[in-house]
Amino acid sequence: MDSKKKSSTEAEGSKERGLVHVWQAGSLALTPERLPGWGGKTVLQAALGVKHGVLLTEDGEVYSFGTLPWKSESADICPSSPLLESALVGHHVVTVAAGSFHSGAVTESGAVYMWGENAAGQCAVANQQSVPEPSPVSISDSETSPLLAVRILQLACGEEHTLALSISREIWAWGTGCQLGLITTTFPVTKPQKVEHLAGRVVLQVACGAFHSLALVQCLPPQDLKPVPERCVQCSQLLITMTDKEDHVIISDSHCCPLGVTLSESQAEDHVSTAPSPHAEPETLDGQGEVFENASADADPNDPNVGTVQTTSGNAVSSQQSIEGTAEGSSARTAPSYPDTQAVTAYLQKLSEHPVKENQEHGEKPPQLQLPVAEAGPDLHSPPTTSTSALNSLVVSCASAVGVRVAATYEAGALSLKKVMNFYSTSPGETGAQAGSAPTGPESLKDLRGEQVKQESMQGKKSSSLVDIREEEAEGSSRRLSLPGLLSQVSPRLLRKAARVKTRTVVLTPTYSGEADALLPSLRTEVWTWGKGKEGQLGHGDVLPRLQPLCVKCLDGKEVIHLEAAGSHSLALTAKSQVYSWGSNTFGQLGHSDFPTTVPRLSKVNGGNGVWSIAAGQDYSLFLVDTNDFQPGLYYSGRQDPAEGDTLPENPSGTKTPVLLSCSKLGYISRVTAGKDGYLALVDKNVMGYIASLHELATTERRFYSKLSDIKSQILRPLLSLENLGTVTTVQLLQEVASRFSKLCYLIGQHGVSLSSFLQGVKEARNLVIMKHSSLFLDSYTEYCASVSNFLVMGGFQLLAKPAIDFLNKNQELLQDLSEVNDENTQLMEILNTLFFLPIRRLHNYAKVLLKLATCFEVASPEYQKLQDSSSCYESLALHLGRKRKEAEYTLGFWKTFPGKMTDSLRKPERRLLCESSNRALSLQHAGRFSVNWFILFNDALVHAQFSTHHVFPLATLWAEPLSEEAGGSVNGLKITTPEEQFTLISSTPQEKTKWLRAISQAVDQALRGTSDFPLYGGGSSVQRQEPPISRSAKYTFYKDPRLKDATYDGRWLSGKPHGRGVLKWPDGKMYSGMFRNGLEDGYGEYRIPNKALNKEDHYVGHWKEGKMCGQGVYSYASGEVFEGCFQDNMRHGHGLLRSGKLTSSSPSMFIGQWVMDKKAGYGVFDDITRGEKYMGMWQDDVCQGNGVVVTQFGLYYEGNFHLNKMTGNGVLLSEDDTIYEGEFSDDWTLSGKGALTMPNGDYIEGYFSGEWGSGIKITGTYFKPSLYESEKDRPKALRKLGNLAVAADEKWRAVFDECWHQLGCEGPGQGEVWKAWDNIAVALTTSRRQHRDSPEMLSRSQTQTLESLEYIPQHVGAFSVEKYDNIKKYLIKACDTPLHPLGRLVETLVAVYRMTYVGVGANRRLLQEAVKEIKSYLKRIFQLVRFLFPELPEEGSTIPLSAPPPTGRRSFCTGKSDSTSESPEPGYVVTSSGLVLPVLLPRLYPPLFMLYALDNDREEDVYWECVLRLNKQADIALLGFLGVQRKFWPATLSVLGESKKVLPTTKDACFASAVECLQQISTTFTPSDKLKVIQQTFEEISQSVLASLQEDFLWSMDDLFPVFLYVVLRARIRNLGSEVHLIEDLMDPYLQHGEQGIMFTTLKACYYQIQREKLN
């Protein structure tokens, strides 16, 4: 590049970062130059092609330099200074890439721009040779609809192709050639297509060589791995092999399918080709072997490569083996001949001839086995002389492992040893293969495979590359699996060994931690390659091209983090700062040996220091290496231009090993980029030491990771695989240490990688992960330290001493080296201990470097503050963990001296000793003279040890307080309270007392917090509380309390007693969950008791008091019975409902009523569903005793006396047909004694009766036939007596009302304070609300609003007025709306009992009077409650004085004139219980009550209804005439929809229609007052209609009014008018009877009776 050769004399830019320096490739002596013509902008990234380059500046602009033949302006083709790509201005580019002759850029929004050479479509433009200016590339995913533009993260450019990595981690490709990885044969591809083969995998990075592609892919998490087929689909080999070693079995899945894909052009290019033997057809292959290439990291460079054993089995006609042996010499390659070579060849030949035939006859496939190469020599650094014996032993071990089968078959082509030898002996020039053009060495052998497999497709197969076993063994990263599918093919001995080793090899794979993986780069990666591979640059162990991405298996587990590719070689950088290289090595660009390799091998760059950045040029490689002073060193490996005077152009030379370039004066290199003839570095100046500190952090972190990895593989892994590691606990603890260590190690590795990429970016301190996500690091270090401390406390290091002694002695130097212990005399265990605690030291380094970084900023700046805080945070954690270690060592020392038996029971991994009383005088108060009391305070318990016994008091439930002198205690006393014990400790001095008190308080506080005095993230240390809270949450198991023995309580505590919400579980399955108070169940709770006999459980939900059920609750018995009601002292007491029977929905019996001490007593209703009887009456001791009523489903009705559940004594019995018996009974339905029997027609018999009702009855007595006239009077007389023997209405449901009074805080009705009652209401509402908040059935919104409004207590000051009366009414309506209010609860209960009584069998017409009396009694008793709550409410019947005159202008229906004074008081202004309470109560009780009315008036209503139907057949005018309505009231015209029509003789249902409609509403109302209003309105509607037709004022007389009203009643057709009339009559306010409404009601009643007697003429 001409432009690069010019020296630059420009002054350095004003900025000190991203300075560009350029070198010439091949001339190591030259010093770098500044880029000519470049100003001072900070460059973030650069990319180089063959003759051009692009720069990306900090502000997102792109500059091109070099030779740019695609530019349209001639001046731009070779610009003197970098040229701004104006097309990209304003787009803010974030990354750039350069191919051989084209460039690309990605903007902030993820859009791609390409420009440059486009002959192969590499710029994604069709039919255009070149693209002069950056032009956008549209990438859209056809799988999404609508089409979405794909956002791109990264670009990579080759010679003829471009790859783009999308934000969803998929690869898109365009251009030409197999390196695209697309399933297509039409090139060029100008529309970007997705590389489907890697779809669904997370691709982390893409890289392009000239004609090959690489991708770094995240490994699938373990759960996503698909089940592996047993054999390879293509070559029918076992995919998983097992190799038996001395101590374990290696189970490996690193199978390599050698079937590549041969492109036609690649054959023409091959200079060396040998025809395959005609008989070796692919399908006759018996097995496919492995190639063992020695590419071990540790191998000595002078090691001869241990040869590859190749066996070909054809039709057993010719089988030849070739043994390759190569040694690295000077320039010529010679093959030393070993004396044993011939013997080996012969031996192998013998081996292979016979068994192959046998195998073919039996159709068997020999199992493929993977064998360690250097099995004979345990030392990997074997000198050359051992090589043959190693080869021998390999053959022998092959033979012994396989039996008589072929050891390993590799190539189908038969190649003689001689040919191979010749091939290696000839110099490169003689074969006519110029360096770089012909594949040299074993690659050509592999090409022979090509023709046979041309047909085989590689699509969809992930085949591995050839694996180097020795390397795997050396690094300890072989994947060990146990797969059930293989068990059939493996000997039991192998299985035993496999099983033995399985538990330990699993531990060290780092666990999948989501959070760290989301924030930091993943190290679990695979490398996939595809494209042309004739130089071995794909790394699959062959030189075949691949059309589809294929995984390079031997880089699995190597933690590759970055890939680079050049013309014909590839580089992979790992997290351990190592570089693997493969491909062409003509100039030594691979950085290891002198010949090419087709599998990745380690580059040998500068011994001890790690590589952290790499670049690959056309025929050289660059390595950026950590040095001791943290300034990166740049190493160069590859082509060296000959010095002046050298003339050997046909033999260009290269470096033997990477060479360090002198660039220390430049500054800190952050990035290197390589092209064909030159390379470029971006350099930062170290202003204020900021850059140096960042490099120090990154370098030390990477080195720390390498060290941790070494400890993991060289110490931890061998330790875990040792036999007899002691107890299960120790092994578990060691495994936990190992897994936490792995986790920490992995995090450090990820962090090291993220720091490397951080250094290549903008380098803003605030984006440092260690500061931004410090909790990740703090947590990992804390967890690790905890596990090591636990291991230490349990004496882990002592237990390891015995089994690990040999291993440790062997590796003493290694141990000392890793743990940085220099003292020769230190014990091995001490060294191990130091080694395990080593990672903690790293925290100090973090703190130090962060502090250094902070000093680079202004003290006032936020960065300074953040860095300072983070630094102190790491420092305080380091000190904290140091304390933890000391605590652990102190505890360990204590266990060594503590008596043995107790140690076993008390020693726990997490338990730490805080102090004990042997060194701090502490004794038990009132202890016996000879007793020994030893108190030991741990971080989780206080232990009181005596001679041979000890008791452990958990700290979470321990309260300590100093005794005050007034309490009569000693001055130095400490009172210790635990749930079941209380004792006093006496200390020797006040100072001791204070120390112990403080120690105990702190320990308790920490035990409760759960964290051990951990310093808070954010720098400030946690503030210690003076003393732990008295109230706390904890779990405790009781051990001696008789009621609670062995029960476990989990919940809130207060001073040693359960207090608050908690759960108590007994070992027998009993469980209480709810509120506690002072150690007893108190409040709302749930209790379950298992019933073993029925295999179900009793279940109580409700209120408790002092450990007993008390208050409202629901108890479901295991037998199926359910009791809902009141409890007291664990017994049913008060009002309650008991349902019994299997099916509760249709349960055979139900009792609702009063209970006393678990027994029915007082008034109750018992519904015996099986017998179809209902009893309503008094109870005592669970039996019917006293007055009662029984009704049956057959209509029988009995009222009278009961004794011990039987009808005994006087009673009245009525049957459905009105037959009545009054007299004495001796048993249920059994007449016995004196009585009178009255027939329905009035005849009656008086005398002595005996017998059961319904069967024959014996009668001794007199028969009376009263005269017809008397019968009318007598008949009601007998019925009138009903109800005398029933329970008086006021006696019913007394318990329900008593309970309500109790809730208000009164002893009995009216005995109590009003303010106290209101307090109780408020408490009831708020507690109920609180309970409902926790319960699953949330309150509805309306209920919540009701509750909120009820919290306001109506205030009454001054005289009582109508408004206040209305307010009380409103309050009542709201209160009765919610069962949480005592009045609401009362109403709800009353409704329930009323319905229970009068529904079903209870719907008996004889019960109507009882039902009405009961409602009146409710009204009276509720009114008493209301008057108690509102004392200013006047008593029943008094009038409220009017505050304003009633509204005038209301027409009286009698006068038709406006009338201001009404003859009766307005109903609202007289205080009555029915006016106040009935509107709330009656609507709820209406259905059962109205049903009783309907049954009672059934006969009357039938007659009435028949008449109504008959009379309604007439037309309006005929009916009006029939009823005798005066003509002047007949409407002449009607207005229908605004039109007036004449009334014709045929008109029907049209006259007085509005009045008729009005009256029909009587059925939709509930209370008598509402019904009366409807009647009143009807009268007014009639008056309006008449007025309209008369057009003059008039006065109604009853004679005129009655017929008109009768007409309206008839036309209204109300079915149950009789019931309505009787209901109003029974329940209307007495004061209304003589007022206006009273008269109107009387008129309606008269109409009802009139209609029944109406006869048609």
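Residues numbered from 1 in each chain as written. Predicted model: local features only at pLDDT ≥ 70, side-chain atom pairs only at ≥ 80, totals over all residues. Heavy atoms only, no water.

Section: the overall build of the protein
Counting its secondary structure elements, the protein contains 34 helices and 62 strands. Classification of the 1657 residues of the protein by burial places 53% in the buried group. Summing over all exposed atoms, the protein offers an accessible surface of approximately 73,500 Å²; the carbon and sulfur share of this is 53%. (Helix = DSSP H or I, 4+ residues; strand = E, 2+ residues; numbered from the N terminus. Buried < 20%, exposed > 50% of the residue type's maximum accessible area, 1.4 Å probe, protein only. Areas by Shrake-Rupley, 256 points an atom, 1.4 Å probe, with all protein chains shown as cover.)

Digging into the sheet that holds strand 32 (residues 668-674)
Pairing is antiparallel across the open sheet formed by 4 strands, whose spatial order is 2-1-33-32. Lying at the two open borders of the sheet, with one neighbouring strand each, are strand 2 (33-34) and strand 32. Pairing between strand 1 (residues 19-24) and strand 2: 2 bridges, direction antiparallel. Across the sheet, residue Val 22 finds its bridge partner in strand 2, namely Glu 33. (Pairing = 2+ DSSP bridges.)

A few points about the packing of aromatic side chains
Counted by the stated rule, this structure contains 64 aromatic pairs. The interplanar angle of 40 degrees and the centroid separation of 5.1 Å between the aromatic rings of Phe 898 and Trp 934 together place this pair among those described as tilted. One end of the pair, Phe 898, is in the loop between helix 17 (862-897) and helix 18 (900-906); the other, Trp 934, is in strand 36 (residues 934-938), and 36 residues separate them in sequence. Among the residues examined, Trp 934 registers a relative accessible area of 21% and is labelled partly exposed. Plain terms: the ring middles of Trp 959 and Trp 1053 are 6.2 Å apart, the flat faces sit at 50 degrees to each other, and that makes the pair tilted. Of the two residues, Trp 959 is situated in strand 39 (residues 959-962) and Trp 1053 in strand 43 (residues 1048-1054); the sequence distance between them amounts to 94 residues. Directly above the aromatic system of Phe 938 lies the positively charged group of Arg 911, at a separation of 5.4 Å from the ring centroid. In this structure, Lys 1160 packs its charged tip against the face of Phe 1151, placed 5.3 Å from the ring centre. (Phe/Tyr/Trp six-rings, centres within 6.5 Å; stacked < 30°, edge-to-face > 60°. Lys NZ or Arg CZ within 6 Å of the ring centre and 35° of its normal.)

What to know about a negative patch on the surface
A cluster of acidic side chains, namely Asp 710, Glu 813, Asp 817, Asp 823 and Glu 824, defines a negative patch on the protein surface. Along the chain, Glu 813 falls in helix 15 (residues 812-819). For Glu 813, a relative accessible area of 70% translates into the label exposed. (Patch = residues over 30% accessible without salt bridge, like charges linked within 9 Å, V, L, I, M, F, W, Y side chains within 5 Å. Salt bridge = Lys/Arg side-chain N within 4 Å of Asp/Glu carboxyl O. Lys, Arg positive; Asp, Glu negative; His and termini not counted. Charge placed at Lys NZ, Arg CZ, Asp CG, Glu CD.)

So, the sheet that holds strand 40 (residues 973-977)
Backbone hydrogen bonds hold the strands of a sheet together, and the pairing may be parallel or antiparallel. Spatial ordering of the open sheet is given by 35-41-40-39, a layout of 4 strands whose pairing is antiparallel. Either end of the sheet is taken by a strand with one partner, and the two such strands are strand 35 (922-924) and strand 39. Going across the sheet, the axis of each strand differs from the next one's by a mean of 30 degrees, ignoring polarity. Strand direction decides the pairing type here: strand 40 and strand 41 (residues 982-987), joined by 5 bridges, are antiparallel. Bridging across to strand 41, Gly 973 finds its partner in Ile 986. (Axes fitted to C-alpha atoms, helices over the stretch in contact; angles between N-to-C directions.)

Brief notes about the packing of helix 25 (residues 1382-1398) against helix 26 (residues 1408-1429)
In contact at an axis separation of 12 Å, helix 25 and helix 26 are set at 170 degrees when each is read in the N-to-C sense. In terms of orientation, helix 25 lies roughly antiparallel with respect to helix 26. Across the interface between the two elements, Leu 1383, Leu 1386, Leu 1390, Val 1393, Tyr 1394 and Tyr 1398 from helix 25 touch Glu 1410, Ala 1411, Glu 1414, Ile 1415, Tyr 1418, Ile 1422, Leu 1425 and Leu 1429 from helix 26. Per-class residue counts for the contact of helix 25 with helix 26 are 12 nonpolar, no polar and 2 charged. (Parallel < 35°, antiparallel > 145°, perpendicular 65-115°, else oblique. Contact = heavy atoms within 4.5 Å. Nonpolar A, V, L, I, M, F, W, Y, C, P; charged D, E, K, R; others polar.)

Notes on helix 34 (residues 1636-1653)
The terminal C-alpha atoms of helix 34 lie 26 Å apart, and with 18 residues this matches the ideal 26 Å at 1.5 Å per residue to within 8%. The complete set of buried residues in helix 34 reads Glu 1636, Gln 1637, Gly 1638, Met 1640, Phe 1641, Thr 1643, Leu 1644, Cys 1647, Tyr 1648, Ile 1651 and Gln 1652. (Expected span 1.5 Å × (residues − 1).)

Remarks on the pairing of strand 17 (residues 203-208)
Consecutive residues of a regular strand have side chains that alternate between opposite faces of the sheet. For strand 17, a buried count of 5 out of 6 residues is recorded, marking the element as mostly surrounded by other parts of the structure. Linkage of strand 17 to strand 18 (residues 212-218), two consecutive antiparallel strands, is achieved through a turn of 3 residues.

Quick notes on the pattern of salt bridges
Summed over the entire model, instances satisfying the criterion amount to 53 salt bridges. Lys 194 is paired through a salt bridge with Glu 170; the nearest N and O atoms lie 3.4 Å apart. One end of the pair, Lys 194, is in strand 16 (residues 189-194); the other, Glu 170, is in the loop between strand 14 (161-166) and strand 15 (171-175), and 24 residues separate them in sequence. Given the relative accessible area of 16%, Glu 170 is considered buried.

A short note on the environment of Phe 1151
In this fold, Phe 1151 is placed in strand 51 (residues 1149-1156). Classification of Phe 1151 as buried rests on a relative accessible area of 1%. A sequence separation of 23 residues divides Phe 1151 from Lys 1174, and the C-alpha atoms of the two residues are 9.7 Å apart. Not counting residues within four places of it along the chain, the set of residues in contact with Phe 1151 comprises Gly 1136, Leu 1137, Leu 1138, Lys 1160, Gly 1164, Val 1165, Phe 1166 and Trp 1179.

A few points about the side chain of Gln 548
Assignment of secondary structure puts Gln 548 in strand 22 (residues 546-551). Within the structure, Gln 548 has its side chain in polar contact with the side chain of His 197 (distance 3.2 Å). (Polar contact = N/O pair within 3.5 Å; in protein donor to acceptor, adjacent residues only side chain to side chain.)

Quick notes on the confidence of the model for the protein
Averaged over every residue, the pLDDT of the protein is 77; residues scoring 70 or more account for 74%. Segment residues 494-507 is flagged for pLDDT under 50; beyond a separation of four residues in sequence, or across chains, it makes 27 contacts in the model. A low-confidence stretch, residues 1446-1468 (pLDDT under 50), is modelled with 35 contacts involving residues beyond four sequence positions or located in other chains. (pLDDT = per-residue confidence, 0-100.)

Some thoughts on the packing of helix 28 (residues 1498-1511) against helix 34
Axis separation between helix 28 and helix 34 bottoms out at 8 Å; the angle between their running directions is 75 degrees. In terms of axis orientation, helix 28 runs roughly perpendicular to helix 34. Only Tyr 1648, Tyr 1649, Ile 1651 and Gln 1652 of helix 34 make contact with helix 28, whose side of the interface consists of Glu 1500, Glu 1501, Val 1503, Tyr 1504, Cys 1507 and Val 1508.

Comments concerning the nonpolar core
Ranked by size, the top nonpolar core spans 125 residues in total, and within it Leu 634, Tyr 679, Tyr 781, Leu 832 and Phe 836 carry the most contacts. Ranked by the residues each element gives to this core, the list is headed by helix 16 (residues 828-854), at 16 residues. In contact with Phe 836, not counting residues within four places along its chain, are Leu 716, Leu 719, Leu 734, Val 737, Tyr 784, Val 788 and Phe 797. The next biggest cluster of nonpolar side chains, apart from the first, holds 77 residues, and it includes Ile 1152, Leu 1383, Val 1387 and Leu 1425. (Core = buried A, V, L, I, M, F, W, Y, C linked by side-chain atoms within 4.5 Å.)

Here's the deal with unusual backbone geometry
Here the residue pair Phe 187 and Pro 188 is connected by a cis peptide bond, since its omega of -5 degrees sits within 30 degrees of zero. Topologically, Pro 188 is positioned in the loop between strand 15 and strand 16. We note that Asn 127 has phi near 50 degrees; this positive angle belongs to a residue other than glycine. Within the secondary structure, Asn 127 sits in the loop between strand 9 (112-117) and strand 10 (130-137). Positive phi is not limited to glycine here, since Arg 1613 has a value of about 50 degrees. With respect to the helices and strands, the residue Arg 1613 is situated in the loop between helix 32 (1598-1612) and helix 33 (1617-1627).

Here we look at the environment of Met 829
Following the sequence through the fold, Met 829 ends up in helix 16. In this structure, the C-alpha to C-alpha distance between Met 829 and Gln 798, residues 31 residues apart in sequence, is 7.3 Å. With residues up to four places along the chain from it excluded, the contact list for Met 829 reads Phe 797, Leu 800, Ala 801 and Leu 808.

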